[in-house]
Amino acid sequence: MADARPQLQPAMGVRVIFLGPPGAGKGTQAARLAGHLRIPKISTGDMLREAIAAGSALGRVAGPLMEKGGLVPDELLNALIDERLRKPDAVRGYILDGFPRTLTQAEGFEHMKQGDSTNHVYVFNVEVPRDELLRRLSGRRWCPHCQSTYHVYNNPPKDDSLCDKDRTLLIQREDDKETAVARRLAEYDERTAPLIDYYRPRSRFHTVNGYRTPDAVFSELEGLVGKEP
Ligand code: AP5
Ligand code: MG
């Protein structure tokens with residue numbers, strides 16, 4: 001007689017995808033949630049900026065595209081994430097910040113070894129009005145050493161224009177300048193926003209109001225990941 005007991009699922013930890021336009025606060029919240037859950041934050045923007053700084057083959061392709069606010073080709077991103085998710089720390093769960101960003105990437109993710117095609121994955125769609133996005137991006141300052149993010153008004157560093165963590169001089173990201181921001185928002189509307197409908201049927205899809213203080217947004221996210229087993 002067939003065994004009717006439910007199959008035990010292998011433990012895989014919390015898996016999160018952040019969706020949202022540039023400046024929505026994905027990176028800010030992903031860092032907090034990753035620290036809270038003690039799982040890795042996997043940010044494709046950070047990984048690509050590291051590749052550019054290292055002068056790798058990936059960085060040489062990505063650099064000119066990113067500077068203008070365009071997307072980097074899907075096949076490069078899928079290979080990057082597939083490789084990253086194979087690292088042992090991803091078995092305990094992970095927070096994806098900036099991936100997937102196109103339908104091809106979303107489909108690719110489902111076939112990766114540590115990817116996910118199930119209702120287990122949380123998808124947080126962070127919404128912020130467009131004029132606020134522009135304010136956030138134009139005031140953002142960034143540490144090229146540890147990639148910490150600040151804002152000249154909302155989240156200034158303690159000491160003028162130096163990183164709180166390592167005292168590196170903060171700079172403005174090249175793609176936070178006006179023309180690149182316009183292109184990034186257009187790429188978001190055209191290629192990333194369709195993912196909202198793609199993920200909406202998943203049971204752990206949540207639209208989150210990102211137009212609140214970082215603490216208020218985080219406390220909602222913390223509650224959502226703490227609620228379901
Ligand atoms: P990426 O680095 O991912 O940039 P992005 O998606 O444009 O997002 P941002 O980092 O600009 O915004 P965020 O939502 O993380 O906001 P943040 O927390 O910093 O990607 C850069 C580029 O890499 C892309 O354009 C593309 O070229 C390439 N790329 C990356 N992934 C790719 C992929 N999968 N496929 C293809 N290409 C890819 O917050 C913004 C500012 O607001 C900060 O100053 C912050 O302090 C402030 N802030 C945050 N939260 C709040 C709040 N609640 N209230 C007030 N201020 C806040
Ligand atoms: Mg970011």
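Each remark here, short or long, concerns the structure printed above.
No experiment lies behind these values; they were computed from the predicted model shown. (Residues numbered from 1 in each chain as written. Chains lettered and ligands numbered in written order. Predicted model: local features only at pLDDT ≥ 70, side-chain atom pairs only at ≥ 80, totals over all residues. Heavy atoms only, no water.)

1. Quick notes on unusual backbone geometry
Outside of glycine, negative phi angles account for most residues, and trans bonds account for most peptide bonds.
Here is step 1: The peptide bond linking Phe99 to Pro100 adopts the cis configuration, its omega dihedral lying at -10°.
Here is step 2: Tracing the chain through its elements places Pro100 in the loop between strand E3 (93–97) and helix H5 (103–110).
Here is step 3: We note that Gln147 has phi near 70°; this positive angle belongs to a residue other than glycine.
Here is step 4: Take Gln147: it is sitting in the loop between strand E5 (140–142) and strand E6 (149–151). (Helix = DSSP H or I, 4+ residues; strand = E, 2+ residues; numbered from the N terminus.)

2. Observations regarding the pairing of E3
Here is step 1: Taking burial as the measure, the five residues of E3 include five buried ones, the bulk of the element.
Here is step 2: Neither face of E3 is open: one carries Gly93, Ile95 and Asp97, the other Tyr94 and Leu96, and all of them are buried.
Here is step 3: Looking at chain direction, strand E1 (residues 14–19) and E3 are connected through five bridges and run parallel. Each bridged residue has a counterpart across the sheet, and for Arg15 the counterpart in E3 is Tyr94.
Here is step 4: Examined bridge by bridge, strand E2 (residues 41–43) and E3 share three bridges and lie parallel to one another. Looking at the pairing, Ser43 lines up with Asp97 of E3. (Buried < 20%, exposed > 50% of the residue type's maximum accessible area, 1.4 Å probe, protein only. Pairing = 2+ DSSP bridges.)

3. Quick word on the pairing of strand E4 (residues 122–127)
Here is step 1: E4 sits mainly inside the fold: five of its six residues count as buried.
Here is step 2: Both E1 and E4 contribute to a ladder of four bridges, which runs parallel. Each residue of the ladder has a partner; that of Ile17, found in E4, is Val123.
Here is step 3: Two elements, E4 and strand E7 (residues 205–209), share five bridges in a ladder whose sense is parallel. Counted as the bridge partner of Val126 is Val208 from E7.

4. Side note on the pattern of salt bridges
Here is step 1: Under the criterion given, the structure shown has 23 salt bridges.
Here is step 2: Close ionic contact of Arg167 with Asp159 constitutes a salt bridge, the shortest N to O distance being 2.7 Å.
Here is step 3: Through salt bridges that share partners, Arg140, Arg173, Asp175, Asp176 and Arg184 make up one connected network. (Salt bridge = Lys/Arg side-chain N within 4 Å of Asp/Glu carboxyl O.)

5. What about the site of ligand 1?
Here is step 1: Not every one of the 36 residues close to ligand 1 is listed here, only the nearest: Thr28, Gly70, Arg101, Arg140 and Arg184.
Here is step 2: For ligand 1, an oxygen atom lies 2.4 Å from a polar atom in the side chain of Arg101.
Here is step 3: A distance of 2.5 Å separates an oxygen atom of ligand 1 from a polar atom in the side chain of Arg184.
Here is step 4: Its free accessible area being 1,000 Å², ligand 1 has 96% of it covered by the protein chains.
Here is step 5: If you list the elements that add at least two residues to the shell around ligand 1, you get helix H1 (26–37), helix H2 (44–54), helix H6 (130–139) and E6. (Near = heavy atom within 4 Å. Polar contact = N/O pair within 3.5 Å; in protein donor to acceptor, adjacent residues only side chain to side chain. Areas by Shrake-Rupley, 256 points an atom, 1.4 Å probe, with all protein chains shown as cover.)

6. Some points on the sheet that holds E3
Here is step 1: With parallel pairing, the five strands of this open sheet are ordered in space as E2-E3-E1-E4-E7. The open sheet terminates on both sides in strands that have one partner only, identified here as E2 and E7. Neighbour-to-neighbour, the strand axes of the sheet open up by a mean angle of 20°, direction not taken into account.
Here is step 2: This element, helix H9 (residues 214–227), spans E1, E4 and E7 of the sheet and lies at about 160° to E7. (Axes fitted to C-alpha atoms, helices over the stretch in contact; angles between N-to-C directions. Contact = heavy atoms within 4.5 Å.)

7. Focus on the environment of Gln29
Here is step 1: On the secondary structure map, Gln29 appears in helix H1.
Here is step 2: Separated by 60 residues in sequence, Gln29 and Asp89 place their C-alpha atoms 20 Å apart.
Here is step 3: Excluding its chain neighbours within four sequence positions, the residues that come into contact with Gln29 are Phe18, Pro214, Val217, Phe218 and Leu221.

8. Topic: the packing of aromatic side chains
Where two aromatic rings form a pair, the distance of their centres and the angle of their planes describe that pair.
Here is step 1: Across all of its chains, the model carries five aromatic pairs by this definition.
Here is step 2: Aromatic side chains Tyr94 and Phe109 sit 6.5 Å apart centroid to centroid with 85° between the ring planes, which places their arrangement in the edge-to-face category. One end of the pair, Tyr94, is in strand E3; the other, Phe109, is in helix H5, and 15 residues separate them in sequence.
Here is step 3: Take Phe109: its relative accessible area is 0%, and that puts it in the buried class.
Here is step 4: Their ring planes at 90° and their centres at 5.1 Å tell us that Tyr198 and Tyr199 sit as a pair that is edge-to-face. (Phe/Tyr/Trp six-rings, centres within 6.5 Å; stacked < 30°, edge-to-face > 60°.)

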